[in-house]
Amino acid sequence: MDYSLHTRIRAGDPEAFRQLFRDHARLVHRHAVRVTGDWTVAEDIVSLTFLEAWRLRAKLRDEGDSPRPWLMGIAVNVLRNTTRAARRHQQALRRLPARETVPDFADELVGRIADADELAAAQRALKKLRRSEREVFRLCVWSGLGYAEAAAVLGVPVGTVRSRLSRARRRLSKLAEEELGRRGEPLPRTGQVQGGRTSAARSHDSCEERSE
């Protein structure tokens, strides 16, 4: 196995970090958007994740053919640590007087609005799961990581990832149906968010194929 990229990252090679960013920034951003429901906050998460990756670069081990699980592990920890601050920020924003917005009929904006509605419903359902189940679901279903990669991110056995994901999918199917049913909207299959430029993550089946 060629671990030259891992070695260069540990050494603080700027070009290696640029490659790391090019290869994985969009994955981290998509994951952060689906966890937080906020594109701006997600951009902050990306910045914090790569800053932490630089700070923790010496801890990258020569395991696997990609530093992706290591990086996503950092992203998950950043999200855990910033959830409370983000909640306080959102509460503060809600106390501010509403501002008039300029109508924008661009296709991208329309797609984002549709995505946001479905994403909000999925997030409301996800909040009713245990944190361990939420994290496994987000990594495997929304961000497309395989079982082995998710296990490396979370520091748990592969079998634990499988069982947590199975429980999460069963519970989430019913919960999301209830959330969307309140609004009279159809349920996206397997809890995935569809539409817009940022498509939903891979299905559970594709996740399994990647891990085997």
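This is a predicted model, so every value here is computed, not measured.

> Sorry if this is basic, but what is going on with the side chain of His31 here?
By secondary structure assignment, the location of His31 is in helix H2 (residues 14–36). We classify His31 as buried; its relative accessible area is 3%. Apart from the residues lying within four places of it in its own chain, the contact partners of His31 are Met72, Val76, Leu79, Arg138, Leu139 and Ser143.

> Any chance you could explain the nonpolar core here in plain terms?
One recurring pattern in soluble globular proteins is that nonpolar side chains are buried together. Counting residues in each nonpolar core, the largest one holds 50 residues, and the members touching the most others are Ile9, Trp70, Phe137, Leu139 and Val161. Beyond its immediate sequence surroundings of up to four residues, Ile9 is in contact with Ala16, Phe17, Leu20, Arg57, Leu60, Pro67 and Trp70.

> Looking at this model, I keep getting lost on the side chain of Arg68. Mind explaining?
Along the chain, the position of Arg68 falls in helix H4 (residues 68–95). Side chain to side chain, Arg68 and Glu149 meet in a polar contact 2.5 Å long.

> Can you help me understand the pattern of salt bridges in this one?
Two side chains bearing opposite charge may form a pair once their charged atoms approach each other closely. Here the structure, examined in full by the defined rule, presents twelve salt bridges. Linking Asp13 and Arg8 is a salt bridge whose minimum nitrogen-to-oxygen distance equals 3.0 Å. Here the salt bridges share partners, and the residues they tie into one network are Arg130, Glu133, Arg167 and Arg171.

> What is the right way to look at helix H6 (residues 131–142) in this model?
Residues separated by three or four positions in an α-helix point in the same direction, a consequence of the helix having 3.6 residues per turn. In terms of residue burial, H6 counts as a mostly covered element, since ten of its twelve residues are buried. Burial in H6 covers these residues: Glu133, Arg134, Glu135, Val136, Phe137, Arg138, Leu139, Cys140, Val141 and Trp142. In the segment just after H6, Gly144 is the residue with positive phi, at about 75°.

> What's the story with the packing of aromatic side chains in this structure? I'm lost.
Two aromatic rings, taken as a pair, are described by how far apart their centres are and by the angle between their planes. This model, assessed by the stated rule, comprises three aromatic pairs. A centroid spacing of 6.0 Å and a plane angle of 70° characterise the contact between Phe137 and Trp142, whose relative ring orientation is edge-to-face. There is no split in this pair, since Phe137 and Trp142 are both buried. Sitting over the face of the ring of Trp54, Arg57 holds its NZ or CZ atom 4.1 Å from the ring centroid.

> Can you help me understand the packing of H2 against H6 in this one?
Helix-helix packing is described using two parameters, namely the angle between the two axes and the distance between the axes. Running from N to C, H2 and H6 point in directions that differ by 135°, and their axes come no closer than 11 Å. One way to sum up the angle between H2 and H6 is to call them oblique. The crossing of H2 and H6 is right-handed. Packed against H2, whose contacting residues are His31, Arg34 and Val35, the element H6 presents Arg138, Leu139 and Trp142 at the interface. When the residues that make up the contact of H2 with H6 are grouped by side-chain class, the tally is three nonpolar, one polar and two charged.

Cut-offs and rules
- Residues numbered from 1 in each chain as written.
- Predicted model: local features only at pLDDT ≥ 70, side-chain atom pairs only at ≥ 80, totals over all residues.
- Heavy atoms only, no water.
- Helix = DSSP H or I, 4+ residues; strand = E, 2+ residues; numbered from the N terminus.
- Buried < 20%, exposed > 50% of the residue type's maximum accessible area, 1.4 Å probe, protein only.
- Contact = heavy atoms within 4.5 Å.
- Core = buried A, V, L, I, M, F, W, Y, C linked by side-chain atoms within 4.5 Å.
- Polar contact = N/O pair within 3.5 Å; in protein donor to acceptor, adjacent residues only side chain to side chain.
- Salt bridge = Lys/Arg side-chain N within 4 Å of Asp/Glu carboxyl O.
- Phe/Tyr/Trp six-rings, centres within 6.5 Å; stacked < 30°, edge-to-face > 60°.
- Lys NZ or Arg CZ within 6 Å of the ring centre and 35° of its normal.
- Axes fitted to C-alpha atoms, helices over the stretch in contact; angles between N-to-C directions.
- Parallel < 35°, antiparallel > 145°, perpendicular 65-115°, else oblique.
- Left-handed = near helix turned anticlockwise from the far one by under 90°.
- Nonpolar A, V, L, I, M, F, W, Y, C, P; charged D, E, K, R; others polar.

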